[in-house]
Each structure stands twice: as structure tokens, then as C-alpha cells.
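A look at the structure
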Amino acid sequence: MDSTLVLILLLSPFIGFLSNIFFGKSLSKNLSGTIGTIAVGISFVVSVILFNKVLQSGKGITVHFFDWLELFNFKVGFSFLLDQLSLLWLLFVTGIGTLIHLYSISYMHDDENLHKFFSYLNLFVFFMITLVAGSNLLIMFIGWEGVGLCSYLLIGFWYKNQNYNDAAKKAFIMNRIGDLGFLAGIFIIGYLFNSLDYLTIKQALASGGFVDLGWLAFATLCLFIGATGKSAQLPLYTWLPDAMAGPTPVSALIHAATMVTAGIFMVTRLNFLFELTPAVLNVIAIIGALTALIAAFIALVQNDIKKVLAYSTVSQLGLMFLALGLGAYEVAVFHVVTHAFFKACLFLGSGSVIHAMGGEQDMRYMGGLKSHMKTTYITFLISTLAISGIFPLSGFFSKDEILLVAFHENKVLWVIASLASIMTAFYMFRLLYLTFFGKFRGSEEQKHHLHESPSLMTFPLIVLAILAAVGGLISLPGNSWLNHYLEPIFIGSRPHHAVDSTAYMLMGVATVGALIGIFLAYSKYIKKGELPAKDKEVTGFAKVLHNKFYVDEIYTAIIVKPIYWLGDFFKSIVEVIISSIVFGTGKLANILSDQGKTLQNGSVGLYLFVFVLGFSTIVYYLFLA
Amino acid sequence: MLQNILQEIGIENYIFLATALFCVGIFGVLYRRNAIVVFMSIEIMLNAVNLLLVAFSTYHQDAAGQVFVFFSMAVAAAEVAIGLAILVAIYRNLKSIDIDDLRNLKG
């Protein structure tokens, strides 16, 4: 029964992928969209059924299909583990996935390759389910690589634009660097534990087996490098903003709500390993905090509506890693869930705006859309309030918990995280004001075109906005359903921070910080009516931010250029030397054989003569000499 | 009894005869241009060796050498059949079996 359910869960999106990729061309557009949506919808229903089961029994379900690899006593099974953690992920991956598929039917209806779009999206969901539901690291790796592939395919979906292709390649290569770390981590863990199965390793550790902590720290560090690639953390985050080249539903699904949280999933999944290596956890916390701060800085001055959201995603992911690094896994998971709701809503909202603007993404040419797009505006407002951390929306609770943990563990990190939060409020309201308030700044043609999106697009927005508003209920301070629910995936009991006066004080500070950010944005963009300067007129520190701290340029200078240089060196010097040696040997053989081949003149008499001569020589030396 | 044969005519005479036959064969191979004669010369060389084998077999009182000669002659017969067949085929194509005309093997 369970194995059938898991098979349906996995194969439903895969069959959707197959039918769209092979027969999609002959299907009508609406039909291929419907197939894609239903395929993911079925997975969602199955996830809900399994979730109910686990919720009632309190025990994870393991489904073993077959032994995949067997090398002496090292075994890897092709099996899946559906426990509290993976089901939580499955719920929002398939749930939000279904909504975004629904949205895409309308958003992409003019695209000639619609069937391809849906097949890639389905394939993505399939790999994401594999990643999340696998019961060992190797299965997770299949999913890990698969979602990377789908991300590449979808970023470069409009393949006729070379910039988009470059962005896709950048994402793929950046991910590969991380994947190398991830793979190395898997190898070391396999070497240390003789198993890659989560439960086996957990039991081995719980029963107090001896582990070489040095190697383990190296392994967890490697795994974290993998996470920085997939979840866009320093120093590998630069691909995510460029990934906005893909269609907006892709940005919402892959590059905000689901795939980029894979790193957080992995660290939470292996919490019992990371827990043993506090040094690596410190690294994670510091990298997370720095990423949150730097990305928030860059987001302050971006003018592309999707770029702002992309940097905001990087920043929020940084906060999640901060929570992971401080050992508060359930808090990170909480923020992943709420972030998935409001960020998906924001991205879909921006998609709705772009749709209305006829493809324009620059906020300097928007403005005053509030009166034209009521539903989009209201849902966008709710999500913006949620991400800014305004009570009682979901972002308030999750972000507040991260800040609370940071305050207890490390004051410096708390200050950094708070700064990032204040900036979040500022740039999100800057985005809101520039897009929806003031006067319309686009062309007359665009003004006539302005319209609310069709209901197929606004429905997902409404659902996500509601979730973004009430999502905080799953983990209220002091009475957290989520913390209790996730308890079984950890070893031992979890530390609890009591809801005392400090906690209330911090909530107050965080809210005031958010309000300050909102007020600053209000006074700058509404009261004074300022507009972001044109690209060429940006000066001072803003210019550094505008150019994203020149990180891309630095990478080009210190990595890309030397690689090209090395390539040129090998091509022009080393290759010439090697090829001259190789060709020289050939030429030498040619010259020598030119002399020798006159001997082979076809005269049988001569052959016989030489034969007798040779024979006589042999006889002479063997017997007579 | 076999020993007696060698007493009548010494072993060295057999060796001289075989050597002489072999040399005749070599010179035939080197000097004659007719493929059939070359072929015959090769046969003479082969049989010179066979003669030696038989003589030494008697000398050592060991029948193995004589048995070996039977095999060698059987193989030689087969070889002659094939060799002549090739020569016939060459003659049909070239209307000549002069080995100086057979220069198609030039590399």
C-alpha cells in the first residue's frame, strides 16, 4: 500500500513529463497545461494522504524497492523515507507546485513551446520529490543533480536570447562547483559509516559508535559547500539573480520556493552529523549572516522588479542558514515554509505585473498600478508585509524566531540579521511603492494595455497570500506545533527558548526595525516622490551596490581570466610542444621507411635471394660461428 | 640391423649428399626464373632435410625421426597441390610463370 502510494507520488509528475515531451506538440495548449497541472496535483493529494498517516502514527514510512549497489558490506538501497521532515517539504513543493502550474497555463499561453515548459516543470517536480523523499544520500544526489538540470533548462527556456543561455550556463556551472563538494561529502560519509542511509547513520551515532571527528568535520564542510551552490550562499550566490532570465513562474517555483531550499533540507536532514561538528556550524552561521547582509545591501538599489526579489531570496536564505548554523533547525524549516508562501506569492505577483506591462521589468517605468490591478496589489501587499515581518503575518513569527535564537547565541550575528531585516522592509516597500503607487511612468501604449490578470493567475495569488498571512500559525511562540512535529528527526531533546520578557522585547525591536524600514521607503519614494537614478547617474556607494559589489567582475578577474589564460598557455605552448614531438616521431618513421620500402619492389627473385641470405646468416651464427 | 646399413655406407656420406642436394636447391631458387623450377628446387631442399632426418634417426636408433618424415612428406604433398594450383591460376592470368613478371606485389 505504502509503496504504491510512493510510486504514484514519484511517477505521476514523471508521466506528465513523458507525455508532454513526446506528445505535447500534437496536444492543444490547454490540454498539455492541464496534464502538467493534474500530474503535480495527484502528487499533492498523495502527499496529503501520507502526511495524514505519519501524523497519526508518528512514525516515518520507509519504502524499499530494491538493492541498488552492493559492494562487500557497503549497501545502497533504492528506497524512500517519508518522515516528518520529507513530508513537510513534499507538501509545500507539490502544493505550491500545483498552484504555479495552474498560474503558468495562463501566463505562458502565448508561448510556442508551452508543452516543453510544462514537461520541464513536471520533471523538476519529479526530481524534487526524489531529492526530498530519498532515504539515503545517493538518492538525494540524483534529485540534487536533476533539479539542477531542470533549473538550467528552464532558465534558458527562451533559448533564442544569448544572455539567457549564458545565465543558464552560469547557474549550471556554479551549481557544479557546489555539487563537487556535495559528492566529496557523500564519499567521506560512506567511508566513515559504511552506509549512506540516514536512519542507519543516525542509529550508529545514537548507539555511541566511534567516529573520526576530523574527517566528519571535513565531510560536513563539503556538504555545506554543496548547499552554498544549490541554495545560493556566499561565495556561490551569483547565479541566482541571473537565473531570473527564466519565465517568472520558474523563478517562483524553483528559484524562490523549492529548489533553493534544498541546501537547508539537506543540513536539517543530516542534523545529527552537523551537530557533532560545531566548527562547521559556526562557519554556516557566519556565511548565512554575511549572505543575508550583502544580498540585502544589493537589493536596496536594484531596479529590475525580479532582481530585487532574487536578492531578497538570497538574503532570506542567508537568514535560514544563520538559524541552521546556530543549531535551530526547526526555526530554519519554519522560515523555509513561510518564505515559500510569501516569496512564491511575490514572484507570481511580479509576473502578473510584468504580464500587464507587456514584458517590462524595470520599476522606473511602472507606478500607479494599484488602481489597475486590485487583486495583484492586495496579495502583493500582504506578502510584502509578511516578508517585512509585520505582526501577525507569517514572516513576523519565523523571522522573529531566527532573531531570537541569534540574540541568545551571538549578539553580533543578531545585529547583522536585524540590519538585514530592516533593509528587507525598506527594499520591499520601495518595490511596492515604485510599482503600485504614484503616477504611471511607462509609455502610452503600455497604459492602454494595463489590465488585471485573468482569474487563472489571480487564484494562485489569493491562495498564496492567505497562506502567507496565516502560515505563522504552525509555529506560534511558546506553543509550536512545528517544533513538536519535527522532534522525531533529531537525536535527543531540543533546547527551548521560553517566551519571556526578552522575547517580547526582541519582537518589539524587530517590529520597530521593520516600521523604520517602511517609513524610510515611504518618505523617500512617496513623500519626496524620488525615483531611482538612471544607470549612468548612480554615484558613490550606491554605485558599488548598483554593480553588486563588483562580485561578478572580481570572479571574472580572479577565476575566469586566469582559466582563459591557462587555456591559452596550454594551447599555444604546451600543445605545440607535444604535437611537434608526436608529429616528429611520425615523420621520422616516414623518412626511415622511405628508404626501406624500395626493398619491397615486388621482384620474387630478390625476395628469395634475401630469404636465402637471411637463412644462411642464421645458420652461420647458430651452428658455425 | 639398421646399424649395419650405416656400417656399409658411413653417416658422413648421407650428410654430404643432403648438403649437396640442399645447395642444388638453393642455387635453383636463386638462378632459375621459371616458377615451376623454383618450386621444384624448394622441394629438393625440403627432401634434403628429410633425408638428413631419416639418416640421423637410424644413427640414433630412434624411429621418431622416420615417423616425423612421414608427416612432413604428407604436408609437403598438400603444399605442392596448393602451390601448383596457385601457379596455374597465375598462368591463366598472366600467360607467364616467369617470376620476374610477377611484380604486382610491389609495396
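Preceding this section is the structure that the text describes.
About the criteria used
Residues numbered from 1 in each chain as written. Chains lettered and ligands numbered in written order. Predicted model: local features only at pLDDT ≥ 70, side-chain atom pairs only at ≥ 80, totals over all residues. Helix = DSSP H or I, 4+ residues; strand = E, 2+ residues; numbered from the N terminus. Rg over C-alpha atoms; globule rule 2.2 N^0.38 Å. Buried ≥ 20, exposed ≤ 12 C-beta atoms within 10 Å, placed from the backbone. Axes fitted to C-alpha atoms, helices over the stretch in contact; angles between N-to-C directions. Parallel < 35°, antiparallel > 145°, perpendicular 65-115°, else oblique. Left-handed = near helix turned anticlockwise from the far one by under 90°. Contact = placed C-beta atoms within 7 Å. Pairing = 2+ DSSP bridges. Core = buried A, V, L, I, M, F, W, Y, C linked by C-beta atoms within 7 Å.

1. Remarks on the overall build of chain B
- Across its full length, chain B carries 4 helices and 0 strands.
- Walking chain B from its N terminus toward its C terminus, one meets helices and strands in the order α-α-α-α.
- A compact globule built from 107 residues should have a C-alpha radius of gyration of about 13 Å, whereas chain B, at 18 Å, is more than 25% larger.
- Of all 107 residues assigned to chain B, the portion counted as buried reaches 11%.

2. Observations regarding the packing of helix H14 (residues 305-325) of chain A against helix H17 (residues 394-409) of chain A
Residues and elements named next belong to chain A.
- Between H14 and H17, the least distance of the axes is 10 Å, while the angle of their chain directions is 45°. Put simply, H14 runs oblique to H17. Judged by the twist between their axes, the crossing of H14 over H17 is left-handed. Residue-level inspection shows Leu319, Leu322 and Ala323 of H14 in contact with H17, the latter providing Lys399, Ile402, Val405 and Ala406.

3. Topic: the pairing of strand S2 (residues 74-82) of chain A
Residue and element names in this part refer to chain A.
- Sheet analysis places strand S1 (residues 61-71) next to S2, joined by 9 bridges and oriented antiparallel. Across the sheet, residue threonine 62 finds its bridge partner in S2, namely leucine 81.
- Hairpin connection, S1 to S2: the antiparallel pair is bridged by 2 residues, and phenylalanine 72 has positive phi, about 50°.

4. Focus on the nonpolar core
- If you look at the biggest cluster of nonpolar residues, it comprises 199 residues, and the most contacted ones within it are Leu322, Ala323, Ala344, Ala417 and Ala468 of chain A.
- With 17 residues, helix H18 (residues 411-436) of chain A is the largest single contributor of residues to this core.
- One finds Val29, Val38, Phe39 and Ile99 of chain B within the second-largest nonpolar core, a separate group that totals 5 residues.

5. Some words on the packing of helix H3 (residues 35-59) of chain B against helix H4 (residues 64-94) of chain B
Residues and elements named next belong to chain B.
- At their nearest, the axes of H3 and H4 sit 9 Å apart, and the two run at 175° to each other. On the basis of their axis angle, the class for H3 and H4 is roughly antiparallel. Packed against H3, whose contacting residues are Ala35, Ile36, Phe39, Leu46, Asn50, Leu53, Val54, Phe56 and Ser57, the element H4 presents Ala64, Gly65, Gln66, Phe68, Val69, Ser72, Met73, Ala76, Gly83 and Leu87 at the interface.

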